[in-house]
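Residue strings, one per chain:
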Amino acid sequence: MNVSFFRELLDSIVDRSRALTALTLGNGANDDAVELARQLLSRRGESSGAILAQQILNAYRRLDQAGKLAFFNMLSTDFMPDTNAVLQAAERFSKSPSSSTLRALSTALDSPRQEFFRRLNFAPGGTQAIVRMREDLLDLLKEHPDLRAVDDDIVHLFGSWFNRGFLVLRRIDWSTPADILEKIIQYEAVHEINGWDDLKRRLDPHDRRCYAFFHPSLVDDPLIFVEVALVDDVPGSIDGLITAEAAASTEAPRTAVFYSISNCQKGLAGISFGNFLIKQVVTDLAREVPSLRTFVTLSPVPGFRAWLDGERRRESSEVLSPSEIATLAVLDEEGWHTDPERLKLLKPLLCELAAHYFLREKRANGQPLDPVARFHLGNGARLERINWPGDLSPRGIAQAAGLMVNYLYDPKDIEKNHEAYAEHGRVVASPSVVKLSKVNRSKRLPALAS
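Summary of the structure given here. (Residues numbered from 1 in each chain as written. Predicted model: local features only at pLDDT ≥ 70, side-chain atom pairs only at ≥ 80, totals over all residues. Heavy atoms only, no water.)

Remarks on the pattern of salt bridges
- Scanning the entire structure with this criterion turns up 33 salt bridges.
- Ionic pairing is found between K266 and D139, a salt bridge with its closest N-O pair at 2.5 Å. Placement of the pair is K266 in the loop between β4 (255-263) and α13 (274-288) and D139 in helix α8 (residues 126-141), with a sequence separation of 127 residues.
- For D139, a relative accessible area of 32% puts it in the partly exposed group.
- Residue E188 pairs with R202 through a salt bridge whose shortest N-O separation is 3.9 Å. A residue pair is termed long-range when its members are at least 10 positions apart, and E188 in the loop between α10 (178-187) and α11 (195-202) and R202 in helix α11 qualify at 14 residues. By the burial criterion, E188 is buried, and R202 matches it.
- It is possible to trace a salt-bridge network through shared partners that takes in D110, E115, R118 and R119. (Salt bridge = Lys/Arg side-chain N within 4 Å of Asp/Glu carboxyl O. Helix = DSSP H or I, 4+ residues; strand = E, 2+ residues; numbered from the N terminus. Buried < 20%, exposed > 50% of the residue type's maximum accessible area, 1.4 Å probe, protein only.)

As structure tokens, this is what we get:
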């Protein structure tokens, strides 16, 4: 589909309609986003609605922080379902349950905010503008949690607008347009890309791949992308994968390593794309490179250092003994990661603690503490191997005390692993990881081994 053609077609229709609707909309000088938003819900014509939606977006872009807060407050308080209509519909359904009374109740419950954003999407570039609008809303939510209902409505709509059926998987290579390549450099969130030479190395067609999901409404802006290295064996350190001097794989690589997954759109936070992306790339790579036998990640552990430091600070830790706390004091010393003796001292303890962290430390809902672990385990991966030291960069030390892990994506076990995690909260781990966690530090049940 030539998305640009259809976008230009819609723009031309709106431009032609503008003259016909000028009498009813005025000269477009009204820049009160709140008043324009109220008008949008009262309109019925799609052409005039598209122009009014464009006026709202133009007015919104001119708002300062206080103006944006007032705009979202209006959506929160004024665009709610009619309470009386909901109560009456609920009473009718309670007295006479039927498909018609249920449909009437569903209609009464439908948020006018959702209809507002649907109509706002009539404007050319409306989807992208609403994504940017949500970025502002997420910033405001930190101090104004009462706006959560507005965010919930946007997320509900995004779940439909950005479902897998609309996403297009594209391979990123050196022939990809420069503006998209620049965005890949900009959006890389795991391992910084240091300029064009570094990017070119990561796109080397011999032993590298990069894939991204795109959406027709954000045609030149990726939603998420994954970087892959084709190598011989499962790696334990990131440095050997991303340095320019890294040795290339053989002509028949056996292992595909997903070493960086970056979400690109802050306004789409909470909308899951990564699970579709990895599974699709596994399928495509298996078809393209028949020699591949193993599909793994080399993943960061962003929550480990915070958890570990929290346990070190506790007056009476159930996880660490006093002697272990004393040993871990090395982590506070400048340059500890450059001293081979310190590394040798720390390795057994940190690997055991890492296994405990993944298999036994849980949130209140029973899920693992680590967000990357929740993502991969929820996708059906197996916690395969703990690597320490795996990332001694400043970021790796700050987030995980140098720890990295491998998650294994075995196509024949993905669904089974996913069910074990989703239904029972079990962290499916390799025997080697389970063995590392043989000491039941916090008296919790062991994880499921496979």
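Next comes the rest of the account.
What to know about the side chain of T176
- When you line up the elements, T176 lands in the loop between β1 (168-171) and α10.
- Within polar-contact distance, the side chain of T176 engages the backbone nitrogen of D173 at 2.9 Å.
- The residues contacting T176, other than those within four sequence positions of it, are R171 and L181. (Polar contact = N/O pair within 3.5 Å; in protein donor to acceptor, adjacent residues only side chain to side chain. Contact = heavy atoms within 4.5 Å.)

Some remarks on the environment of P235
- In this fold, P235 is placed in the loop between β3 (224-231) and α12 (239-242).
- Residue P235 is classed as buried on the basis of its relative accessible area, which comes to 13%.
- Here the alpha-carbon distance between P235 and N406, two residues 171 residues apart in the chain, equals 8.2 Å.
- Each residue touching P235, except ones within four places of it in the same chain, is listed here: L241, V257, L298, R385, N387 and N406.

Side note on the nonpolar core
- With 98 residues, the main nonpolar core has F71, F72, F116, F117, L120, F162 and F304 as its most contacted residues.
- The biggest single contributor to this core is helix α16 (residues 340-360), with eleven residues. (Core = buried A, V, L, I, M, F, W, Y, C linked by side-chain atoms within 4.5 Å.)

Side note on the packing of helix α4 (residues 65-78) against helix α7 (residues 112-120)
- Close contact between α4 and α7 brings their axes to 9 Å; oriented N to C, the two are set at 130 degrees. Judged on the interaxial angle alone, α7 and α4 are oblique. On the side of α4, the interface is formed by F71, L75 and S76, while α7 contributes R113, F116 and F117.
- Looking at the contact of α4 with α7 residue by residue, the classes come out as four nonpolar, one polar and one charged. (Axes fitted to C-alpha atoms, helices over the stretch in contact; angles between N-to-C directions. Parallel < 35°, antiparallel > 145°, perpendicular 65-115°, else oblique. Nonpolar A, V, L, I, M, F, W, Y, C, P; charged D, E, K, R; others polar.)

Some thoughts on the pairing of strand β8 (residues 404-408)
- Counting buried residues in β8 gives five out of five residues, a clear majority hidden from the surface.
- Across the two faces of β8 the burial is the same, with M404, N406 and L408 and V405 and Y407 all buried.
- By the bridge criterion, two bridges tie strand β6 (residues 299-300) to β8 in an arrangement that is antiparallel. Bridging from a neighbouring strand, S299 pairs with V405 of β8.
- Bridge count for strand β7 (residues 382-387) against β8 is five bridges, and the pairing is antiparallel. Within the sheet, the bridge partner assigned to I386 lies in β8 and is V405. (Pairing = 2+ DSSP bridges.)

As for the packing of aromatic side chains
- Taken as a whole and judged by the stated rule, the model has 15 aromatic pairs.
- Between F71 and F72 the ring centres are 5.6 Å apart and the planes differ by 75 degrees, which places this aromatic pair in the edge-to-face class.
- Take F71: its relative accessible area is 0%, and that puts it in the buried class.
- Measuring from ring centre to ring centre gives 5.4 Å for F158 and F162, while their planes differ by 85 degrees; the resulting arrangement is edge-to-face.
- On the basis of relative accessible area, F158 is assigned to the buried category, the value being 0%.
- Feature note: the residues Y60, F71, F72, F79, F116 and F117 constitute an aromatic cluster, connected by ring pairs. (Phe/Tyr/Trp six-rings, centres within 6.5 Å; stacked < 30°, edge-to-face > 60°.)

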